[in-house]
Amino acid sequence: MTGIVVVCEARADFHSVAALLDRQIASIDWIGTNVDSFREYLGQSGNKFVTWGEVRELASQRNFRPQRGFNLGPDYVAAQRALWVSREIAERAHVTVLSRDSDKQLNRRGGLSGAATLASRDQTVLVALAQPKIEAWWLAAIPENLANAEHRAELRTELGSDPLHSPHDIDASRPGAKRNIKQVWERISPDLGAGPDYLSVSSMEEIQTRGKHTGLPEFVAEVHSKLLPLFGQTPR
């Protein structure tokens, strides 16, 4: 059984990351629908994940001291804490996934990846950096026939692009702004909580094509190159 700790911002982020992990693990011939027998999600507070807030609190309580002095961008220190906490909370943690929204700070990848180089030799680290937010992955995954056609047409005019094909461009953070991706998602999706489900069932080729600038293809590539070999799958 492979133990996986997902460090993320909220429950929806965990379910989105887990949807992508599970469908890739299930693609291995001898695993298929028996994913639950091969991987286990480990977390805190009765959950199957750990939040970044919990990481900070636990690291502070246990006097963890991260390395400093490197200019590797945002999240370098936070990611060190996350890797340390994942080892502390579960001896069975073989894999740690660092899930973040970029919030237009693409240099966050440098901080997350830089911290990953400090991981112990038996700890596999994956970076799931959504650009600009996890909703971009959902917009890349929602089946086109389920998207609200009327609102999609309106948004094409308002944004100057199709929100299902250029979700990375919807990057305003101010509530009420026409490029606020959370509000775009609310207008497009008939089911606001279905984003992780779309990531589970939609064509991976289409998701990665529509989301090619959202950080999703990079995460899927890391899953193939770093995670699947733990189950005996040769990287393609």
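Being a predicted model, the structure only gives us computed values, none of them experimental.

A. Structural view of unusual backbone geometry. That bond from Q131 to P132 is cis: its omega, 0 degrees, falls within 30 degrees of zero. Locating P132 in the fold gives a position in the loop between strand 5 (124-130) and helix 5 (134-141). The phi dihedral of D103 is positive, around 50 degrees, even though this residue is not glycine. Structurally, the position occupied by D103 is in the loop between strand 4 (93-101) and helix 4 (108-116).

B. Spatial organisation of the nonpolar core. Counting 48 residues, the largest nonpolar core has V6, L21, V97, W137, L199 and F219 as its most contacted members. No other element matches helix 1 (residues 11-26), which puts seven residues into this core. Excluding its chain neighbours within four sequence positions, the residues that come into contact with L21 are I4, Y41, V97, L126, F219, V223 and L227. Listed in part, the 25 residues of the second largest apolar core include V5, V55, L112 and A116.

C. Here's a closer look at the pattern of salt bridges. In the structure shown here, the tally under the stated rule is 16 salt bridges. Note that R39 is salt-bridged to D22, the shortest N-O span being 2.8 Å. Here R39 is found in strand 2 (residues 39-42), whereas its partner D22 is found in helix 1, with 17 residues between them in sequence. Using a relative accessible area of 10% as the deciding quantity, one classes R39 as buried. Among the charged side chains, a network of salt bridges with common partners joins E9, D75, R100, D103, R108 and K133.

D. Geometry of the environment of L98. Assignment of secondary structure puts L98 in strand 4. Look at L98 and you get buried, because its relative accessible area is 0%. The spatial distance from the C-alpha of L98 to the C-alpha of V127 is 5.0 Å, given a sequence separation of 29 residues. Excluding anything up to four places from it in sequence, L98 contacts V7, W52, A79, A82, L83, L112, V125, L126, V127 and A128.

Criteria and thresholds
- Residues numbered from 1 in each chain as written.
- Predicted model: local features only at pLDDT ≥ 70, side-chain atom pairs only at ≥ 80, totals over all residues.
- Heavy atoms only, no water.
- Helix = DSSP H or I, 4+ residues; strand = E, 2+ residues; numbered from the N terminus.
- Core = buried A, V, L, I, M, F, W, Y, C linked by side-chain atoms within 4.5 Å.
- Buried < 20%, exposed > 50% of the residue type's maximum accessible area, 1.4 Å probe, protein only.
- Contact = heavy atoms within 4.5 Å.
- Salt bridge = Lys/Arg side-chain N within 4 Å of Asp/Glu carboxyl O.

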